[in-house]
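Structural characterization, general
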Amino acid sequence: MKLITAVVKPFRLDEVKAALKDAGIAGITVGEVQGFGRQSGHTEVYRGTEYQIDFVPKIRLEVLASDEQVEQLVDVISAAARTGKIGDGKIWVTPVEQVLRIRTGEQGPDAI
Amino acid sequence: MKLITAVVKPFRLDEVKAALKDAGIAGITVGEVQGFGRQSGHTEVYRGTEYQIDFVPKIRLEVLASDEQVEQLVDVISAAARTGKIGDGKIWVTPVEQVLRIRTGEQGPDAI
Amino acid sequence: MKLITAVVKPFRLDEVKAALKDAGIAGITVGEVQGFGRQSGHTEVYRGTEYQIDFVPKIRLEVLASDEQVEQLVDVISAAARTGKIGDGKIWVTPVEQVLRIRTGEQGPDAI
Amino acid sequence: MEGNIAWVLMSTALVLFMTPGLAFFYGGMVRSKNFLAMLMQNFFAIGLLAVLWVVVGYSIAFGRFGDGGWFGGFGHVGFKGVGTAAHLGLGIPDVLFAAFQMTFAIITPALITGATADRLKFGAYAVFIGAWSLLVYSPVAHWVFAGGWIAKMGALDFAGGAVVHINAGAAALALVLLLGPRKGHGKEPMPPHALPWTLLGTGILYFGWFGFNAGSALAANGIAAQALMNTLVAPAAAMLGWLLLERVKGKHTTTLGAASGAVAGMVAITPCAGFVGTMPAVIIGFLAGALCYLALTIKAVVGLDDALDVLAVHLVGGLFGSVALGFFADPAVNAAVRHPGLLISGGGIALLVDQVVAAVVVCGFSLVASLILGKIIDVVIGLRVDEDTEDVGLDQSLHVESAYAFGDL
Amino acid sequence: MEGNIAWVLMSTALVLFMTPGLAFFYGGMVRSKNFLAMLMQNFFAIGLLAVLWVVVGYSIAFGRFGDGGWFGGFGHVGFKGVGTAAHLGLGIPDVLFAAFQMTFAIITPALITGATADRLKFGAYAVFIGAWSLLVYSPVAHWVFAGGWIAKMGALDFAGGAVVHINAGAAALALVLLLGPRKGHGKEPMPPHALPWTLLGTGILYFGWFGFNAGSALAANGIAAQALMNTLVAPAAAMLGWLLLERVKGKHTTTLGAASGAVAGMVAITPCAGFVGTMPAVIIGFLAGALCYLALTIKAVVGLDDALDVLAVHLVGGLFGSVALGFFADPAVNAAVRHPGLLISGGGIALLVDQVVAAVVVCGFSLVASLILGKIIDVVIGLRVDEDTEDVGLDQSLHVESAYAFGDL
Amino acid sequence: MEGNIAWVLMSTALVLFMTPGLAFFYGGMVRSKNFLAMLMQNFFAIGLLAVLWVVVGYSIAFGRFGDGGWFGGFGHVGFKGVGTAAHLGLGIPDVLFAAFQMTFAIITPALITGATADRLKFGAYAVFIGAWSLLVYSPVAHWVFAGGWIAKMGALDFAGGAVVHINAGAAALALVLLLGPRKGHGKEPMPPHALPWTLLGTGILYFGWFGFNAGSALAANGIAAQALMNTLVAPAAAMLGWLLLERVKGKHTTTLGAASGAVAGMVAITPCAGFVGTMPAVIIGFLAGALCYLALTIKAVVGLDDALDVLAVHLVGGLFGSVALGFFADPAVNAAVRHPGLLISGGGIALLVDQVVAAVVVCGFSLVASLILGKIIDVVIGLRVDEDTEDVGLDQSLHVESAYAFGDL
Ligand SMILES: Nc1ncnc2c1ncn2[C@@H]1O[C@H](COP(=O)(O)OP(=O)(O)O)[C@@H](O)[C@H]1O
Ligand SMILES: Nc1ncnc2c1ncn2[C@@H]1O[C@H](COP(=O)(O)OP(=O)(O)O)[C@@H](O)[C@H]1O
Ligand SMILES: Nc1ncnc2c1ncn2[C@@H]1O[C@H](COP(=O)(O)OP(=O)(O)O)[C@@H](O)[C@H]1O
């Protein structure tokens, strides 16, 4: 099993969620994060003082998936999140050794 | 070493924390996230317009553990977080290659 | 490729970011979390009732890195985050199987 | 006379306080990335419109008081002749009357910001409300409040059902037509980002509205007392009316419904406040709450994106209140009622006709004038921000600020 | 007379503003999942109770003014005879007096919401406060404020120590007994979710309380001035008293302590405001702050979950203030004081006895009546939400809303 | 007379409400870990200073009214002789005058908290404002407001340009010099943590300032009306002035700029409010907004960490307003103007000279006295928290509380 983590632009969240739903995904966990990257952040001005705000609001998604699903899901997320402009974000995949559904105690792919 | 990540219902956090403490765990990192899954979310209504809110507030916990502890801790978290109702959440385990305690520079299981 | 995750004291974030920038890192994703650990939390008092607040605000950083960079970056983060006082936090490294830059579709180390 | 002055001093402060209240009422409902922009538009209305009022707006509105005409003229430009003496047959200093009326001139254009939320350029907004204030608000105020042709005709408007609410509501409609919907409207959910601010705004509006309505008596007398009572009970009854329908239709009562219902009641009672008795105020309020709730569906039907329901609340509420006065105006409450309302003993349809005429004319005039004005601005500098600005949010793009800082540690 | 009208107009607005203030005072202290429900209960109190007051509440309270009796009757149902003329020997229009008193009838039941936070059904709440308003509040108001038997007996209550605070505090106790503790009470921490709202509420309450107390003079005169002064200094001194004990006992001074102390002082000075001098007000305030702080521990002792300390602040503060008046009431301040307080020159225990009788009777009556009323509602529709609702939070479950939206982007 | 009393009652309530407003104005600008500490300092100012005023502060300020001297004496300690009768040639009860002035004595030291934000010990703060209130504020109030030497000299100060703003601004400068910069100042960004609170505070300040300025007429008359008008338009024009420069220099208009400009206008119009006409008020406001914006850079130049710009807004704004009065004071507005301002027909430099002398003396006295006082406190108990406390934040360290709870679920 794998964990797919994606960092995307906040206003693409609805698209990504819809696309994952369509791809038959059963669950997602998302959080609000701040990203620093090539996208250059922005300047804020308070009483004449400029602050360089390096961090840009992003959404971080986690999706647990079986090995077979991974490739497709990465494509799905990527397609739904892409605007083509800098700052679209990253997707990365890490190995997962065990998954458990708390409610039932099910383990492995069934628990996803 | 392993990283145990759990997504649980917010009002179970105190129980889970207490159970992990009892199990002798030295640290936890938690964050507020939103979950989408079988638990169906809910409808909110603003001025007569219904909004399907797919996301449900959840707590995401991370616990670094040595290989031996993993099984027990997964059980502990699972038992403390379970309500038996849909949406209880997931636990997953991923491999960790290196751990470092910033304060002391200790590495490996000692750093946990 | 690896994912370096670090949990650090909030007021060290600026230092850590600057140090990573100097080390040539191209991106970071950060989130606000709460940590429980040896650092003992604190007591809050509301209308005469004491609440033991176990959780301490922390910042959680994620940095994707190529295998070669990892060691150096762990040192950089560790040095920048260290105050020497309890609660400085942890750094851990996990394997990453795939990385994708959403904007361009680039994969692997180039996508970092 | 000191008592009257004391009450109008206080009322002026209360009405000025309503504009920040409105800012938060609306601000809680927008998405957090546009919260400051909403606050900014409302606060800026104070800055710009107060100064314009002194320079020329007051003169256009209240020059040639009682002439039965269309336009006040330029006799009081720069507040010439507006001093601490009492004229105009009122028991308060001219400068106080001008201050009280200024606060109305400020909040009226600010009402529009609810409809245009999240996509109107700040520069275009500034130009629009400035021009609208002089070309639409001041003339209409002259017709109704300054003894202009509508007042002469016989229509009544105690505190601005037509001048304020119909007027602003029609302008909001015009801008919504010109602006088009928010990006993602109808596809993405756009729930209120933090209702507590909206409730706070509601509380401030309720409080300030006592100055708005009871202050419009321009004296501390029985009419002010009745207006105050009506301003207390009509929103309360409207809250019940709104919540009742909400409950029947949707099985739930919502906090935003309570707030919206109350505001609908405030709007509807505005033209009636000093002209009707307490029980009629309860009835008007209750019906207004129910009606405005039903009016929420209009925008869906006509396919408009009136972001925060200025049409349902202010236009519909204002029209309803203005017409309701034709049924309930009562000479026993206020001797200024020459033709009692239809449901009042001795009443007829004379007033009702006048009320309808006034409402329709103000609505039509404001709509057409606003469309023309908005179109010109759109052509010259553009009304709407570009897509990127809308995605990122107005706060960061236009005002280089964030409502809530990240990691301020 | 205009001056008096001006002040009571303003005071009415101020007291009405207190209810939103109370909503935020309490709302900051609950958990965020129940924030809107708290706001809703308070705003809804305005909607329901304003209308009920017009329909029959006012009549029960202020009918048969000065009869020395128990019940005002139904002579003014639907505000019959309540117009813009001045009766009742007051220098203000009846309708204004009725409006001023209405705002008291609104906030009193709303005070209860602090005790029942996080677990009371909205429907049960609505029924309870409606019935309680008519069956408990209006009669007690008649006894004390309308020349009923307590007033005739000689007890004094300037602005509602007994009518408002003891009365609501006892009702809160009744409901806490019937409801039981919040799920997790005593096991999980339930710290305030956002104290800034509580501080905002405190500021609004302080501001509004000037209308509450100094407005109760029903005139703009020296008594109003003294009441205003006392309402300024007693909360200030109470803040010091509370913080001092906090510091001594717990080594820290807290923001919530400052706010709570101030409110305790407002409560305690309420019955005394227009009857005592400035220095006594300082003393009463200081003692009230210290006493209410100590009273916080009561609930732990008796094992009750009075969520936001309505007992310690309103019941204890109200009882203390009512009794303190027996020591400090001063004819030099207000000629209505016929029996000076025990510590005032020429004073005796006559007033003190009356004060104790009045406090005990109001407390007992309200407690018993509220228990019966609450029990009936509990049996018929249930007072308490189910466990799931409590876990998820009232906002989402009952009002299908969230106070703070996620990802409003 | 009731009308005057009504207005001053109300004004007192308004000015008291400004202190919570100030708390939020500042509170939104600090980092969230210090939000409650900021609220606490402001609310605590009410608690401490109200009581001190009763005990002795009022006597020092307003004893020996009109003696042309330096110090009021101890004749009214414990409010001896301060009752409901009217003395001092005013048409309002003494106790009301004392209450009104009390609210000024409260907010003046509270203004300082913006400069010392995030690093001042709470205990040191309490001692400082208590001592400063008696040793600096009350004497200066005597000189200017109580017919002391500055008043006798001929300088004018309608509502406290010198007594309140210059005075507090100079004290703020002293403390900033003694405290040093916040940890990380100049290196880390410290943007406002939540500007909506600041905007709310601005709204409350604007509202309350009507009481501050128009209430200073101590009557409900034409002067109060003019003061109200000026308090409406000067902040509005100042907002425009500030935003214009912001736009020209930085290409953007900010919400915080609108708020800050408005407050700068309130400050500058304070000394002038009842002495100048409407158009001069617009001019004064506009210039104040522009000037205070430019003054923001001073602190960078002199290397001070005046955290929330008390110097640029209150010291500079207060000095400017006091001096501007020397140009615009107009006997046609207020007969108390014996020497018309330089730009007014028949005017000369007599008043201007007096204004400059008064401004310089108050500024110098307050600066020196505050330096001495602050230094003593620093030596005895220390002014500044330790580094750990500053890192973790004052809320948690000093007040064992958090503004926003985590996981309140
Ligand atoms: N090396 C990295 N490690 C972790 N997160 C990263 C990394 N690089 C980028 N990110 C995340 O991806 C987001 C987008 O990256 P950015 O470089 O701005 O643009 P792009 O995705 O177009 O290359 C960043 O805001 C950050 O959250
Ligand atoms: N495939 C998944 N990937 C990541 N998180 C998931 C996944 N499935 C579920 N979750 C998380 O677990 C939570 C609970 O899942 P849900 O399907 O609602 O109920 P249950 O845990 O009872 O199966 C979700 O809200 C989500 O946060
Ligand atoms: N076993 C663990 N798993 C996950 N996070 C941990 C673990 N131990 C500590 N942490 C995180 O590191 C932070 C600091 O740890 P702590 O034990 O307080 O001090 P130190 O880092 O000095 O050992 C904690 O607040 C928590 O966020």
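Residues numbered from 1 in each chain as written. Chains lettered and ligands numbered in written order. Predicted model: local features only at pLDDT ≥ 70, side-chain atom pairs only at ≥ 80, totals over all residues. Heavy atoms only, no water.

1. Some points on the confidence of the model for chain D
How we decide: Looking at any residue, its pLDDT shows the predictor's confidence there, from 0 to 100.
The predicted model of chain D averages 96 in pLDDT, with 99% of residues at 70 or higher. This complex was scored by the predictor with a pTM of 0.97 and an ipTM of 0.96.

2. Concerning the side chain of asparagine 167 of chain F
Convention followed: Helix and strand labels come from DSSP, where a helix needs a run of H or I of at least four residues and a strand needs a run of E of at least two; each type is numbered from the N terminus. N or O atoms closer than or at 3.5 Å make up a polar contact, with two conditions inside protein: a donor-capable atom paired with an acceptor-capable one, and, for residues adjacent in sequence, both atoms drawn from side chains.
Tracing the chain through its elements places asparagine 167 of chain F in helix α6 (residues 161-179). A distance of 2.9 Å separates a polar side-chain atom of asparagine 167 of chain F from the backbone oxygen of valine 163 of chain F.

3. Regarding the packing of aromatic side chains
Put simply, the rule is: Only rings of Phe, Tyr and Trp enter the pairing, Trp through its six-membered ring, and a pair is recorded when the two centres are within 6.5 Å. The plane angle decides the type: under 30 degrees is stacked, over 60 is edge-to-face, the rest tilted. Note on exposure labels: buried denotes an accessible area under 20% of the residue type's maximum, exposed denotes more than 50%, and partly exposed covers the range between, all computed with a 1.4 Å probe on protein chains only.
Taken as a whole, this structure holds 96 aromatic pairs over all chains when the rule is applied. When the centroid spacing of 6.4 Å and the interplanar angle of 90 degrees are considered together, the rings of phenylalanine 17 of chain D and phenylalanine 207 of chain D count as edge-to-face. Here phenylalanine 207 of chain D lies in helix α7 (residues 195-214) and phenylalanine 17 of chain D lies in helix α1 (residues 2-27), a separation of 190 residues in the sequence. Judged by its relative accessible area of 0%, phenylalanine 207 of chain D is buried. Taking the centre distance of 6.2 Å and the plane angle of 75 degrees together, the rings of tryptophan 53 of chain E and phenylalanine 62 of chain E count as edge-to-face. For tryptophan 53 of chain E, a relative accessible area of 1% corresponds to the buried category. One aromatic cluster is present, built from ring pairs that chain together Phe24, Phe35, Trp197 and Tyr404 of chain D, Phe24, Phe35, Trp197 and Tyr404 of chain E together with Phe24, Phe35, Trp197 and Tyr404 of chain F.

4. Structural notes on the site of ligand 3
Put simply, the rule reads: For this purpose, a residue is taken to be near a molecule or strand whenever a single non-hydrogen atom of the residue falls within 4 Å of it.
Lining the immediate surroundings of ligand 3 are 21 residues, of which Thr29, Arg101 and Arg103 of chain B together with Arg38 and Gly87 of chain C lie closest. Ligand 3 sits at the junction of chains B and C, each of which supplies nearby residues. Between ligand 3 and the protein, one listed contact pairs an oxygen atom with a backbone N or O atom of phenylalanine 36 of chain C at 3.4 Å. Contact between ligand 3 and arginine 38 of chain C: an oxygen atom at 2.7 Å from a main-chain N or O atom of the residue.

5. Focus on a nonpolar patch on the surface
Residue and element names in this part refer to chain D. What counts here: Every patch collects residues that have over 30% relative accessible area and no salt bridge, joining them within 9 Å if they carry like charges and within 5 Å if they are nonpolar side chains (Val, Leu, Ile, Met, Phe, Trp, Tyr). Every accessible area reported is derived by Shrake-Rupley at a probe size of 1.4 Å, with residue values counting cover from the shown protein chains alone. We count a salt bridge whenever a side-chain nitrogen from Lys or Arg sits within 4 Å of a carboxyl oxygen from Asp or Glu.
Taken together, the side chains of Val127, Val368, Ile372, Ile376, Val379, Val380 and Ile381 define a hydrophobic patch exposed on the protein surface, amounting to about 650 Å² of accessible area. Here the nonpolar patch gets five residues from one element, more than from any other, and that element is helix α12 (residues 350-380). Topologically, valine 368 is positioned in helix α12.

6. A short note on the interface of chain D and chain E
Convention followed: Residue contacts are defined here by distance: any two heavy atoms, one from each residue, within 4.5 Å place the two residues in contact. Simply put, the buried area is the total loss of 1.4 Å probe accessible area from both parts when two parts are fitted together. Residues are grouped as follows: nonpolar covers Ala, Val, Leu, Ile, Met, Phe, Trp, Tyr, Cys and Pro; charged covers Asp, Glu, Lys and Arg; every other residue, Gly included, is treated as polar.
Each side of the interface is counted separately: chain D has 49 residues, and chain E has 52 residues. Contact between chain D and chain E buries roughly 4,000 Å² in total, counting both sides, with carbon and sulfur atoms accounting for 80%. Scanning the region where chain D abuts chain E turns up zero salt bridges. Across the chain D-chain E interface, the total number found is six residue pairs in polar contact (both at pLDDT 80 or more). Listed by contribution, the elements that provide at least two residues to the side of chain D that touches chain E are α1, α7, α8 (222-250), α9 (255-269) and α10 (278-302) of chain D. Residue contributions to the side of chain D that touches chain E peak at 13 residues, all from α8 of chain D. Here the side of chain D that touches chain E is composed, by residue class, of 33 nonpolar, 14 polar and two charged.

7. A closer look at the site of ligand 1
Of all residues adjacent to ligand 1, which total 21 residues, the nearest are Arg38 and Gly87 of chain A together with Thr29, Arg101 and Arg103 of chain C. One finds residues of chains A and C in close proximity to ligand 1. Within the backbone of glycine 89 of chain A, one N or O atom sits 2.9 Å away from an oxygen atom of ligand 1. In the model, an oxygen atom of ligand 1 is placed 2.7 Å from a nitrogen or oxygen of the threonine 29 of chain C side chain. For ligand 1, the accessible surface in isolation is 540 Å², of which the surrounding protein chains cover 100%. Counting residues per element, the ones that place at least two in the shell around ligand 1 are β2 (28-36) of chain A together with β2 (28-36) and β5 (56-65) of chain C. Counting residues per element, the shell around ligand 1 draws most heavily on β5 of chain C, which supplies three residues. Grouping the amino acids of the shell around ligand 1 by side-chain chemistry returns seven nonpolar, seven polar and seven charged.

8. Looking at the pairing of strand β5 (residues 56-65) of chain B
Residue and element names in this part refer to chain B. Using the following cut-off: Note on pairing: DSSP must find at least two bridges between two strands before they are called paired.
Of all the ten residues making up β5, nine are buried; the element is thus mostly covered by neighbouring parts of the structure. As paired strands, strand β1 (residues 2-8) and β5 are joined by seven bridges and run antiparallel to one another. For valine 8, the partnering residue across the bridge sits in β5 and is isoleucine 59. As defined by bridge partners, strand β2 (residues 28-36) adjoins β5 across seven bridges and the pair is classed as antiparallel. Bridging from a neighbouring strand, threonine 29 pairs with glutamate 62 of β5.

9. With respect to helix α1 (residues 13-22) of chain C
Residues and elements named next belong to chain C. Short version of the rule: The arc refers to the directions leading from the helix axis to the C-beta atoms.
Listed in full, the buried residues belonging to α1 are Leu13, Val16, Lys17, Ala19 and Leu20. Buried residues in α1, looked at end-on, bunch into an arc of 165 degrees, giving them a common side. In the core, the buried residues of α1 are packed alongside β2, β5 and α2 (70-81). At the C-terminal side of α1, glycine 24 shows a positive phi close to 85 degrees.

10. Structural notes on the relation of the copies chain D and chain E
Both copies of the chain are tied together by a single rotation about an axis and a shift running along it. To keep it simple, the criterion reads: The copies are overlaid by a least-squares fit using only the C-alpha atoms of residues whose pLDDT is at least 70 in both copies.
Relative to chain E, chain D is turned by 120 degrees and slid 0.0 Å along the rotation axis, the superposed coordinates differing by an RMSD of 0.0 Å. What the rotation and shift describe, once combined, is the action of a three-fold rotation axis. Identified as the residue of chain D closest to the rotation axis by C-alpha distance is glycine 3 of chain D, at 2.2 Å. A distinct binding surface is used by each copy, with only 18% of the interface residues of chain D retained as interface residues in chain E.

11. Quick notes on the side chain of aspartate 309 of chain F
Relative to the elements of secondary structure, aspartate 309 of chain F occurs in the loop between α10 (278-302) and α11 (310-328). A distance of 3.3 Å separates the side chain of aspartate 309 of chain F from the side chain of arginine 47 of chain A, its partner in a polar contact. Here the side chain of aspartate 309 of chain F touches lysine 299 of chain F through a polar contact of 2.9 Å, side chain to side chain. Beyond its immediate stretch of four places on either side in the chain, aspartate 309 of chain F contacts Arg47 of chain A together with Leu296 and Lys299 of chain F.

12. Things to note about unusual backbone geometry
Unusually for a residue other than glycine, arginine 47 of chain A sits at a positive phi of about 50 degrees. With respect to the helices and strands, the residue arginine 47 of chain A is situated in the loop between β3 (42-46) and β4 (49-53). Positive phi values are uncommon outside glycine, yet leucine 218 of chain F reaches one of about 55 degrees. Structurally, leucine 218 of chain F can be placed in the loop between α7 (195-214) and α8 (222-250). Judged by its relative accessible area of 14%, leucine 218 of chain F falls in the buried class.

13. Considering the interface of chain B and chain D
Between chain B and chain D, the contact holds five residues from the first and 15 residues from the second. A combined buried area of about 860 Å² lies between chain B and chain D, and 65% of that area is made up of carbon and sulfur atoms. Ranking the residues of chain B by area buried against chain D places Tyr46, Arg47 and Tyr51 of chain B at the top, with a combined share of 78%. Joining chain B to chain D, the criterion identifies one salt bridge. Summed over the shared surface of chain B and chain D, the result is three residue pairs in polar contact (both at pLDDT 80 or more).

14. Remarks on the pattern of salt bridges
Inspection of every chain in the model, using the stated rule, returns 53 salt bridges over all chains. One salt bridge in this structure joins glutamate 62 of chain B and arginine 60 of chain B, with 3.2 Å as the shortest N-O distance. Per residue, the accessibility class of glutamate 62 of chain B equals that of arginine 60 of chain B, and both read buried. Between aspartate 309 of chain E and lysine 299 of chain E there is a salt bridge, with the nearest N and O atoms lying 2.9 Å from each other. Taken together, the positions of aspartate 309 of chain E in the loop between α10 (278-302) and α11 (310-328) and lysine 299 of chain E in helix α10 put the pair ten residues apart, joining distant regions of the chain. Each of the two residues, aspartate 309 of chain E as well as lysine 299 of chain E, counts as buried. One salt-bridge network, held together by shared partners, links Arg60 and Glu62 of chain A, Arg60 and Glu62 of chain B together with Arg60 and Glu62 of chain C.

15. Observations regarding the packing of α1 of chain D against helix α2 (residues 35-62) of chain D
All names here are of chain D. Where we set the bar: A fitted line through C-alpha atoms represents every axis, and for helices the fit uses only the stretch in contact; the resulting angles, taken between N-to-C directions, go from 0 to 180 degrees. Oblique is the label for any angle not under 35 degrees, not over 145, and not in the 65 to 115 range, which are roughly parallel, roughly antiparallel and roughly perpendicular in turn. Crossings are sorted by hand: turned counterclockwise from the far helix by less than a right angle, the near helix makes the crossing left-handed, and turned clockwise it makes it right-handed.
Orientation of α1 relative to α2, taken along the N-to-C sense of each, is 165 degrees, at an axis distance of 9 Å. By the criterion of interaxial angle, the relationship of α1 to α2 is roughly antiparallel. Taken as a pair, α1 and α2 cross one another with a handedness that is right-handed. The segment α1 lies against α2, with Leu16, Thr19, Pro20, Leu22, Ala23, Phe24, Tyr26 and Gly27 engaging Phe35, Met38, Leu39, Asn42, Phe43 and Ile46.

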